[in-house]
Amino acid sequence: MKREFTLLQKQQFDLLVCGGGIYGAWTAYDAALRGLKVAIVEQGDWASATSSASSKLIHGGLRYLESYDFKLVRKALAERQMLLKIAPHRVWPLRFGVPVYSDSRIGRLKLKAGLMLYDFLAGIPGSKMAHHYFNRRNFSSRFSFLDTFGLKGGFSYSDAQTDDARLALELIAGAVAAGAVCVNYCSLNSVGSRQGQVYGSTVKDQLNDATAEIHARQIVYTSGQWATESAKSRSWCRVTKGVHLVMPAALTDEALLLTAKADGRVFFMIPWYGKTIVGTTDTDYTGDIKHVVAEEKDVAYLLNAVNHYLKTAWTGADVISSYAGLRVMKRSEKTSPSAVSRDWELRTASNGVHYSIGGKITSAREDAATIVDKVCAELGMDVPCASRRLFPLAPEEDYTAWFVAKSQQAAQLNIDAESSKWLLRRHGKRSSEILNDVKNNAALGERIFPTVPLIYADLLFCARHEMVVHLDDLLRRRMPLIILNKIKHAELNNLAQFVSSELGWDASMIKREVEACSI
Ligand SMILES: Cc1cc2nc3c(=O)[nH]c(=O)nc-3n(C[C@H](O)[C@H](O)[C@H](O)COP(=O)(O)OP(=O)(O)OC[C@H]3O[C@@H](n4cnc5c(N)ncnc54)[C@H](O)[C@@H]3O)c2cc1C
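A brief structural summary. All values reported here derive from a predicted model rather than from experimental measurement.

### With respect to the overall build of the chain
Broken down by element type, the chain carries 16 helices and 20 strands. For 519 residues, the compact-globule estimate of 2.2 N^0.38 gives 24 Å, and the chain sits close to it at 23 Å. Each principal axis of the C-alpha atoms in the chain carries an extent, and together these give about 65 × 55 × 45 Å. Going through the 519 residues of the chain one by one, you find that 59% of them count as buried. The contacts in the chain between residues at least 6 apart in sequence include a share of 72% that link residues at least 24 apart. Taken as a whole, the chain presents about 21,500 Å² of accessible surface, with 52% of it coming from carbon and sulfur.

Spelled out as structure tokens, the structure:
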């Protein structure tokens, strides 16, 4: 996947997509699969905003049942089931435990009713994915770090997990393969209209300030929180901030759904590349949309919430890293941000420009298909959607058989089992190329950091093939090394040196990239 800004200038596009988060990525992929001439521009790196700052769940959202949002839950669960099938390397099952304590806000019977409904809406009652109840002894043996004072037992139910940044990236790669022009570090500056109808826009290459005029018959803004920059679209949105902490390993293969004692909100502990993600917060946001950070009070809230459940409390020193993102939701006067619906909508302005507002990673594919249906209708085209069937890097053979065969190959190359599992999830059918690199150079099969299941061959592959511009793109989104580790300056420098020839960096570039990454 190469970044080629000049390709934007040479053609008339059917569709220009502004914003390369998950909504833009699915829209570009879906439209390109239907044969539209598509361009997508992203002002930063792919998925550099909210789409890499999520809880990384592909889920119906058990908690939305409390607000009777059945339509939203059913839609998301249908997408979850479909993604588990068409993209098994990218979206994998994850079970969640829900402890029941004597003082739990939601008691055993109510929880049981909710989980029955959740399984029913997913179409899985009676299957091995359905929920189970465990008594106190069995539940605490699944989660030995949990405080057992007042514990009565707990449920286990099914949902799914992804790597959010790689999901968006893989769709961009799929869009490129289907003929789309995809350029990161390129901002859409202004939209050109003639007689009240849009005909294209000007874009700016963020790497050298070059500008270009793009001709496009339809334009869609999938710009997330940047929708609030225009007075018109701002009136459609409410923005809230969500923070996650990355903590040391605690869980094995099962996550936990917990309730914060302070305010009764639901939050998660989720296993992630061998570490634990704790989150999220949900607070109204009026600050700078370009610099969203975890504040001390967010960290304190999450530590306080999780420590209530732990035998041995975590302190600030245990926090490996944190990340923050903004949810854009349809405007609502509900006082609590958590009570506002996560549903999505498409708005079209009088000049014909479309705006995607709100949504979830889980249901972004279906929403993107709705965007492309609308675009096709405007263009007078009638082409069926194919994104429900085709996923870019999904192995063609039976997934379990493929996974076993590739894991054996990795084991023969001395790649440890955990690194091999993540490698196969991360690269799907392209993992073969990485295994080949290890075959040619055994040292590339070693872990970069002992406690993180990511190997050197993966790092080189990402630098070589995945449109990396800055060190931060590589170490935060292509592979989340910065998020999973407290990396020292010297280590950053070594990693930058290691990939410098792939990225054409000289000594001064390396220095600049390392400085920018350390901030
Ligand atoms: C804390 C948190 C946890 C979440 N957890 C989950 C979860 O577990 N599961 C789930 O399903 N959903 C989850 N969500 C919701 C989900 O993350 C969002 O709905 C989704 O990421 C929004 O994607 P997007 O593409 O609309 O926006 P974004 O990811 O914000 O992408 C918009 C992009 O547009 C670009 N852009 C803006 N203006 C321009 C311009 N002028 N030119 C070029 N590019 C531009 C931006 O740089 C940005 O990258 C969570 C949300 C939050 C905040």
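Having seen the structure, we can now continue with the description.
### Topic: unusual backbone geometry
For the bond running from Gly 279 to Thr 280, omega is 20°, close enough to zero to count as cis. With respect to the element layout, Thr 280 can be found in the loop between β14 (275–279) and β15 (283–284). Non-glycine residue Lys 56 carries a positive phi angle of around 65°. Turning to its location among the elements, Lys 56 is positioned in the loop between β2 (38–42) and β3 (57–58). Assessed through its relative accessible area of 4%, Lys 56 is described here as buried.

### Quick notes on the packing of helix α1 (residues 22–33) against helix α8 (residues 364–379)
Where α1 meets α8, the axes come as close as 8 Å, and the angle between the chain directions of the two elements is 55°. The pairing of α1 with α8 is recorded here as oblique in orientation. Once α1 is placed against α8, the crossing between them reads as right-handed. Listed contacts from α8 to Ile 22, Tyr 23, Trp 26, Thr 27, Asp 30 and Ala 31 of α1 are Ala 364, Arg 365, Asp 367, Ala 368, Ala 369, Ile 371 and Val 372. Of the residues in the contact of α1 with α8, the class split is nine nonpolar, one polar and three charged.

### Describing the nonpolar core
Judged by nonpolar contacts, the single largest core of 72 residues is most densely connected at Tyr 157, Leu 459, Leu 471, Leu 474, Leu 475 and Leu 481. With six residues, the single largest contributor to this core is helix α12 (residues 456–465). With sequence-adjacent residues up to four places away left out, Leu 459 is seen in contact with Ile 448, Leu 474, Leu 475, Met 479, Leu 481, Leu 495, Phe 498 and Val 499. Among the nonpolar cores identified, the runner-up in size contains 44 residues, and Ala 32, Leu 169, Ala 368 and Leu 379 belong to it.

### Describing the site of the ligand
In the neighbourhood of the ligand, 36 residues make up the surrounding shell, with Glu 42, Ser 51, Leu 57, Gly 359 and Thr 362 lying closest. Between Glu 42 and the ligand, the recorded distance is 2.6 Å, taken from a side-chain N or O atom to an oxygen atom. For the ligand, an oxygen atom lies 2.9 Å from a polar atom in the backbone of Ile 361. Protein contacts shield 93% of the accessible area of the ligand, which totals 1,000 Å² for the unbound molecule.

### Observations concerning the pattern of salt bridges
Scanning the entire structure with this criterion turns up 35 salt bridges. A salt bridge links Lys 241 to Asp 298, with the nearest nitrogen and oxygen atoms 2.8 Å apart. Here the residue Lys 241 occupies a position in strand β11 (residues 237–247), and Asp 298 occupies one in helix α7 (residues 296–307), the gap between them amounting to 57 residues. Across the salt bridge formed by Arg 426 and Asp 458, the nearest N and O atoms sit 2.6 Å from each other. On the criterion of sequence distance, the pair formed by Arg 426 in helix α10 (residues 417–427) and Asp 458 in helix α12 is long-range, its members being 32 residues apart. The exposure class assigned to Asp 458 is buried, which follows from its relative accessible area of 1%.

### Considerations on the environment of Gly 44
With respect to the secondary-structure elements, Gly 44 resides in the loop between β2 and β3. Taking the relative accessible area as the measure of exposure, Gly 44 reaches 14% and is therefore buried. With 143 residues separating them along the chain, Gly 44 and Ser 187 place their C-alpha atoms 7.9 Å apart. With sequence-adjacent residues up to four places away left out, Gly 44 is seen in contact with Asn 184 and Tyr 185.

### What about the pairing of strand β8 (residues 186–194)?
As paired elements, β8 and strand β9 (residues 197–205) share eight bridges and run antiparallel to each other. Paired with Leu 188 across the two strands is Val 203, which belongs to β9. Where β8 hands over to β9, the hairpin turn is made up of two residues, of which Gln 195 adopts a positive phi near 45°.

### What about the side chain of Arg 166?
For Arg 166, the location among the structural elements is in helix α5 (residues 164–177). On the accessibility criterion, Arg 166 (4% relative accessible area) is buried. When sequence neighbours within four positions are dropped, the list of residues in contact with Arg 166 reads Arg 90, Arg 426, His 427, Cys 462, Glu 466, Arg 477 and Arg 478.

Criteria and thresholds
- Going along each chain's sequence as written, the residues are numbered from 1 onward.
- Whole-chain, interface and lining totals are the exception, using all residues; otherwise, since this is a predicted model, local features are given only for residues with pLDDT of at least 70 and side-chain atom pairs are given and counted only at 80 or more.
- Side-chain numbers come from the whole structure's heavy atoms, not from hydrogens or water.
- A run of H or I in DSSP counts as a helix once it spans at least four residues, and a run of E counts as a strand once it spans at least two, with each numbered from the N terminus.
- In this setup the radius of gyration rests on C-alpha atoms only. A globule is expected at 2.2 Å times the number of residues raised to 0.38.
- A simple rule labels every residue: compare its accessible area, found with a 1.4 Å probe on the protein chains alone, to the largest value its type can have, and call it buried under 20%, exposed over 50%, or partly exposed in between.
- Here, two residues are considered to be in contact whenever any of their heavy atoms come within 4.5 Å of each other.
- Note on areas: these come from Shrake-Rupley sampling with a 1.4 Å probe, and a residue is covered only by the protein chains present in the view.
- Orientation is described by axes fitted as lines to C-alpha atoms, over the contacting stretch for helices, and by angles from 0 to 180 degrees between their N-to-C directions.
- When describing relative orientation, an angle under 35 degrees is termed roughly parallel and one over 145 degrees roughly antiparallel, while 65 to 115 degrees is termed roughly perpendicular and anything else oblique.
- The handedness criterion is simple: a crossing whose near helix is rotated anticlockwise from the far helix by less than a right angle is left-handed, and one whose near helix is rotated clockwise is right-handed.
- Residues are sorted three ways: Asp, Glu, Lys and Arg are charged, Ala, Val, Leu, Ile, Met, Phe, Trp, Tyr, Cys and Pro are nonpolar, and all the rest, Gly among them, are polar.
- Nonpolar core, defined: a set of buried Ala, Val, Leu, Ile, Met, Phe, Trp, Tyr and Cys residues in which side-chain atoms within 4.5 Å join the residues together.
- Whether a residue is near a molecule or strand depends on its heavy atoms: it is near if one of them lies within 4 Å of it.
- We call two N or O atoms a polar contact when they sit within 3.5 Å, provided that within protein one can donate a hydrogen and the other can accept it, with sequence-adjacent residues counted only if both atoms are side-chain atoms.
- Basic side-chain nitrogens of Lys or Arg form a salt bridge, by our definition, when they fall within 4 Å of a carboxyl oxygen of Asp or Glu.
- DSSP bridges decide pairing: two strands pair if at least two such bridges lie between them.

Remember that the coordinates give geometry; whether it matters functionally is a separate question.
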